[in-house]
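Structural description and commentary
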Amino acid sequence: MGIFDSDFEIENYIRQRIPELDNLENRELFKAIVGNSILELYNHVKSEYAALEQRVFAETPRALRLPDLITCVVPADKYDVTDSEMFPIFPEDLDRVEINAPEMIYNVKNGREFFLYTCMIKADFLELKKLMNAPRRFSGVIENEYGETPAEFILKPNERYRKKLEEIYDIAKLNYLPWRSLNAAYFYKLFDVYVVSVEDWDDQLEVKKVTAEFDEFSDRILYNPLPLWNVRPVIIKANSYPQPAVDRKYFEHYLYKKQFTEGYEYLLRHSDFVIRNILRQDGDWYIICDSDLPGDWEFYEFASAPNEKNYSNPLISNEQNSSFSRDMIEYFGQRIKTRTELIRFFNSFKCSEYLSFVDAKVIDKALKLETYSTEKFIDYEYRTGDRAQYLEFAFRPHDEDFYLNRDLMSFLITEIQHLFPEYQCVGKLV
């Protein structure tokens, strides 16, 4: 604890020290001297120190970075459609989907699986990994207005929402921004349910309900999940005529700061033009492209601070605490060289409230992989062959039963992998 830490209060400190003096006169003298002169000096030095710190931080160059991506999953029937902070990744997920019975029976009779719905399994990564490595059929029934019919079902990982992360990667390149790993742990708990066998079904009957017995996972299934994120598409209308750039081949489109909502961050989502560069200055945007005509621009708008109390599951994000050291590392690309820097790096992430970094060591072989890459869609062409050694990071979970522990650890490992390309980074819980 430093004397200028935000949790240090000198008034309380003085009050606690006074009873330690036995002599009444000494107490009065201590209170008069410290309570007046030293307290006044302390407050003056503290204010000067704060001003100096603010000046140094203000002069520190900050690298442009992707906005924080925040995700969550809620039951679809519990979602507040007036929510202005978290939005459905696919708005059509709010619509009720009816199962087409004739199409279902036709596909099953011809040996093809038929998609029914998406669910979320609140289970640890290793459990789900074991399930996917040894696929099995689950029994259940499909109900109609007259009764029910036995059926068999299978599970497949849902790829639909993970594809949206790939879209963000392409958007980062479009906006000339360096990549940041995305933390979307819930996406790896989403599974699609397919029916593969149905006994004696009249394809003229309407499906009323599907019930599958998922064995050991039955009490950890969320049916009808609605994945949310703090992103929504918006259109910013151009209100000025583009100006020719220096080379006269490209044109500069100017978007005013007042056209964007204060407190939100934005990314250009799509463009039919060839984007040469994007400049941001004091909230204004300068888009340099090959179009000489004004037009509307498609953006993604990022809400910054949703209220976690409004959602039934925790909000998960790649958010990092703002600090002087982090800004320096991002701007100058410094490498991590000490254990203290590792601790500072991992603690800077919001998800560190679930995991605490313990230690790191180089090993020849990882016997059991407890983590996965959250950005397999990125092809690092310059990384050829297998890296000979592993760099293993150990974490201690704050709640051993939290089903997202290894998914959050996978995000942290994917993030640290960028800093240690010479190793194969892995993680484990201790």
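To keep things clear, this report deals only with the structure shown in the data block. The numbering scheme is per chain: residues are counted from 1 as the chain's sequence reads. Local features in a predicted model are, by the rule used here, given only for residues with pLDDT of at least 70; side-chain atom pairs are given and counted only at 80 or more, and totals for whole chains, interfaces and linings are based on all residues. For the side-chain quantities, the full set of heavy atoms in the structure was used; hydrogens and water were omitted.

1. Considering the sheet that holds strand β18 (residues 355-363)
Backbone hydrogen bonds hold the strands of a sheet together, and the pairing may be parallel or antiparallel. A pair of strands is treated as paired once DSSP finds two or more bridges between them. Only DSSP runs of H or I with at least four residues qualify as helices, and only runs of E with at least two residues qualify as strands; both kinds are numbered from the N terminus onward. Judged by pairing direction, the sheet is mixed, and its 3 strands sit side by side in the order β18-β19-β20 without closing on themselves. In the strand order of this sheet, the two ends are held by β18 and β20 (424-429), each with one partner. The mean angle between the axes of side-by-side strands here comes to 25°, regardless of whether they run parallel or antiparallel. Contacts: residue pairs with any heavy atoms within 4.5 Å of one another. Here the axes come from fitting lines to C-alpha atoms, over the contacting stretch only for helices, and the angles between their N-to-C directions go from 0 to 180 degrees. Packing of helix α7 (residues 339-347) onto the sheet brings it into contact with β18 and β19 (390-397), and relative to β18 it is tilted by some 135°. Contacts from helix α8 (residues 405-417) reach β18, β19 and β20, with the element oriented near 155° to β20.

2. Overview of the packing of aromatic side chains
Pairing of aromatic rings covers Phe, Tyr and Trp, the last counted by its six-membered ring, and requires centre-to-centre distances within 6.5 Å; plane angles under 30 degrees mean stacked, over 60 mean edge-to-face, and any other angle means tilted. Applying the stated criterion across every chain yields a total of 30 aromatic pairs. Taken together, a centroid distance of 5.7 Å and an interplanar angle of 75° make the contact between F346 and F393 edge-to-face. Linking F346 in helix α7 with F393 in strand β19, this pair joins segments that are 47 residues apart in sequence. Partly exposed describes any residue whose relative accessible area lies between the buried limit of under 20% and the exposed limit of over 50%, with all areas from a 1.4 Å probe on protein chains only and scaled to the type maximum. On the accessibility criterion, F346 (2% relative accessible area) is buried. Overall, F393 belongs to the buried group, its relative accessible area being 0%. A network of ring pairs unites the aromatic residues F345, F346, F349, F357, F393, F395, F411 and F420 as a single cluster. Here, a charge over a ring means that NZ of Lys or CZ of Arg falls within 6 Å of the ring centre while also lying within 35 degrees of the ring normal. A cation over a ring is seen here: R280 above W285, with NZ or CZ 4.6 Å from the ring centre.

3. Quick look at the environment of Y372
Secondary-structure assignment places Y372 in the loop between β18 and β19. Here Y372 is in contact with F125, Y188, D407, S410 and T414, once residues within four sequence places are set aside. N or O atoms within 3.5 Å of each other form a polar contact, as long as, within protein, one can give a hydrogen and the other can take it, and as long as residues adjacent in sequence are counted only when both atoms are side-chain atoms. One polar contact links Y372 to D407, side chain to side chain, over a distance of 2.6 Å.

4. Examining the pairing of strand β14 (residues 275-281)
Here 6 bridges tie β14 to strand β15 (residues 284-289), and the two strands are oriented antiparallel to one another. Bridging from a neighbouring strand, Q281 pairs with D284 of β15. Here β14 folds back onto β15 in antiparallel fashion, the turn holding 2 residues, of which D282 has a positive phi close to 55°.

5. Looking at α7
Of the positions making up α7, those classed as buried are L342, F345 and F346. Angular distribution of buried residues about the axis of α7 spans 90°; they occupy a single face of the element. Elements in contact with the buried residues of α7: β18, β19 and α8. This arc corresponds to the set of directions leading from the helix axis out to the C-beta atoms.

6. Regarding empty space enclosed by the protein
Any residue with an atom within 4 Å of a point lines the site, the site being either a cavity, points on a 1 Å grid over the protein atoms alone where a 1.4 Å probe fits but cannot get out, or a pocket, an open set with protein on both sides within 12 Å along at least 5 of 7 lines. Grid points are joined across faces, edges and corners, and a volume is the space filled by probe spheres set on the points. Evaluation of the coordinates by the stated rule reveals 2 cavities of 30 Å³ or more. There is about 50 Å³ of room inside the largest cavity. Lining the largest cavity we find L315, I316, S317, K350, C351, E353 and Y354. Side-chain classes follow a simple rule in which Ala, Val, Leu, Ile, Met, Phe, Trp, Tyr, Cys and Pro form the nonpolar group, Asp, Glu, Lys and Arg form the charged group, and the remainder, Gly included, forms the polar group. Class assignment of the residues belonging to the lining of the largest cavity gives a composition of 4 nonpolar, 1 polar and 2 charged. Size it by volume and the second largest cavity reaches roughly 30 Å³. In the lining of the second largest cavity, the residues fall into 6 nonpolar, 2 polar and 1 charged.

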